[in-house]
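# Overview (structure and organization)
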Amino acid sequence: GEVEGGEPAGVQVVGDQPVTGAVDVVVGGGRVLEVHNGHALLGRITGSGCMATAAIAIFLAAGGDPAIQTALGLATYGLAAERAAEPVNGALPGPL
């Protein structure tokens, strides 16, 4: 969601900046956007941050507000991670 009041106190931001974690945060355009999805297994996968960056790039290429496009890329990537982590025949995919 969008948080009123613009950027967090004490944070100098140049351009749109995403920070990923349990809650992904995108700061840009005078606002803070939060993305509340994804899966804890992402932190255990090598290259998951690079894959998130690729998802963001796809949305940025579509044009529009960069902060919104960044949040949409992260939300889509998080949804894909949630679906990928669903058990298949009672077991999680891969050798995790």
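To keep things clear, this report deals only with the structure shown in the data block. As the structure is a computational prediction, the values presented were derived from the model and not from experiment. (Residues numbered from 1 in each chain as written. Predicted model: local features only at pLDDT ≥ 70, side-chain atom pairs only at ≥ 80, totals over all residues. Heavy atoms only, no water.)

### What to know about the pattern of salt bridges
To keep things clear, this is the line we draw: Salt bridges are defined as contacts in which a side-chain nitrogen from Lys or Arg sits within 4 Å of a carboxyl oxygen from Asp or Glu. A run of H or I in DSSP counts as a helix once it spans at least four residues, and a run of E counts as a strand once it spans at least two, with each numbered from the N terminus. For each residue, the accessible area found with a 1.4 Å probe, counting protein chains only, is set against the maximum for its type, and the residue is called buried under 20%, exposed over 50%, and partly exposed in between.
As enumerated under the stated definition, the model contains 1 salt bridge in all. Of the charged contacts, one joins Arg31 and Asp65 as a salt bridge, the two residues approaching to 2.3 Å between their closest N and O atoms. With Arg31 in strand β4 (residues 31-35) and Asp65 in the loop between α1 (48-61) and α2 (66-84), the pair connects residues that are 34 residues apart, well separated along the chain. Judged by its relative accessible area of 14%, Arg31 is buried.

### Things to note about the pairing of β4
Applicable threshold: Strands qualify as paired when DSSP identifies two bridges or more between them.
The buried fraction of β4 is high, at 4 of 5 residues. With 5 bridges joining them, strand β3 (residues 24-28) and β4 adopt antiparallel strand pairing. Note on β4: the bridge partner recorded for Val27 is Val32. Following β3, the chain reverses through 2 residues before pairing antiparallel with β4; Gly29 in that reversal takes a positive phi of roughly 65°.

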